[in-house]
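# Breakdown of the fold
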Amino acid sequence: MLRTSASRVLDDNDRDEVLALLDADPVANVFVSSRVRAVGLNPARLGGQMWGFGTRGGLVSLCYAGANMVPVNAGPEAVHAFADRARKQGRRCSSIVGPVDAVSLLWERLEPHWGRARAIRWAQPVMAISSRPPVPADPLVRRVRPEEFDILLPACVAMFTEEVGVSPNLGDGGALYRTRVAELIRIGRSYARIDDGRVVFKAEIGAVTPQACQIQGVWVDPELRGKGHAVAGMAAVVEAAMSCFAPVVTLYVNDYNHSARAVYRKVGFHEVDTFMSVLF
């Protein structure tokens, strides 16, 4: 049995080994993998640290410790090592998210030190699709243009508030959130149907690797729900994602959001894993 009592902070010298570990499960690891591929492992560029468990050449587990804390391939020993480092460092993240077994154990270790969470999503099915949707795509869903930022932003804020339970405008007045929305528009990963200046449907492709990409921020105007916009809109985004970014499209959803899960199943998604999120 591996006995490495402590994790270590990784750097760009570990990049190839880190990517090999991430690529072993490209769907579950799409977010972390996209960050590493984009900026490497230098903490200043990564926006946090990457912790490793195991010796160089024998790396077995990772934990991304940035705005989110995300364990990767983390068994009990690795989780304990990551929890020890996180406890000593103090909470710097706004959430812990990842495979349910690792996150539940990590939170069990950290809760006595970090205090109560604002919310816990105990089960979030991870869904994926790798073939063309069996339903028609909405031809009016397209990439959002930079000049449409002010039209899209209120829909993004509404989605975030509805999903997370707090407004993204708290704290810094929404500056970081606005920057992220603008960036996704700029790089062509924000999609929407906009009718006469009104956002009917929108979604973003938040993480991209050569193997997979992850849809986030799915939202339909509340007054227009139940009219098929979500199914047709998601079909359009999946087709665009497969054409432009990666052969597998994934997302994760709260288990109690039965309507969203039904939409995704109609589009052709199937469940492949279960995540858990702890929100602060």
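Residues numbered from 1 in each chain as written. Predicted model: local features only at pLDDT ≥ 70, side-chain atom pairs only at ≥ 80, totals over all residues. Heavy atoms only, no water.

### Section: the packing of aromatic side chains
Note the threshold: Centre distance within 6.5 Å is the pairing criterion for rings of Phe, Tyr and Trp, where only the six-membered ring of Trp is used; planes under 30 degrees apart are then read as stacked, over 60 as edge-to-face, and the remainder as tilted. Only DSSP runs of H or I covering at least 4 residues are called helices, and only runs of E covering at least 2 are called strands; the numbering of each starts at the N terminus. Burial classes follow relative accessibility: with a 1.4 Å probe on protein chains only, a residue under 20% of its type's maximum area counts as buried, one over 50% as exposed, and anything between as partly exposed. Note on criteria: charge over ring means Lys NZ or Arg CZ within 6 Å of the ring centre, with the direction from the centre no more than 35 degrees off the ring normal.
The full count for this structure, using the stated rule, is eight aromatic pairs. Aromatic pair F53 and F82: ring centres 6.5 Å apart, planes at 75 degrees, arrangement edge-to-face. Remark: F82 occurs in helix α4 (residues 76-89) and F53 occurs in strand β2 (residues 49-53); sequence separation between them is 29 residues. The exposure classification of F53 matches that of F82, with both residues buried. Between the aromatic rings of Y252 and F275, the centroid separation amounts to 5.2 Å while the plane-to-plane angle is 55 degrees, which identifies the pairing as tilted. Of this pair, Y252 sits in strand β11 (residues 248-252) while F275 sits in strand β12 (residues 270-279); the two residues are 23 residues apart in sequence, bridging distant segments of the chain. On the basis of relative accessibility, which here comes to 34%, the residue Y252 falls in the partly exposed class. Among the aromatic side chains, those forming a connected cluster through ring pairs are W51, F53 and F82. Directly above the ring of W51 sits R85, whose terminal nitrogen or CZ lies 5.8 Å from the centroid.

### Examining the pairing of strand β3 (residues 61-65)
Using the following cut-off: Strand pairing is assigned whenever DSSP identifies at least 2 bridges connecting the two strands.
Of all five residues in β3, five are buried; the element is thus mostly enclosed. Residues S61, C63 and A65 line one face of β3 and the alternating positions L62 and Y64 line the opposite face, and both faces are buried. Alignment of β2 against β3, held across five bridges, turns out to be antiparallel. Of the residues in β3, the one forming a bridge with W51 is C63. Pairing analysis gives four bridges linking β3 to strand β4 (residues 68-72), with the strands arranged antiparallel. From the neighbouring strand, A65 faces β4, where its bridge partner is M69.

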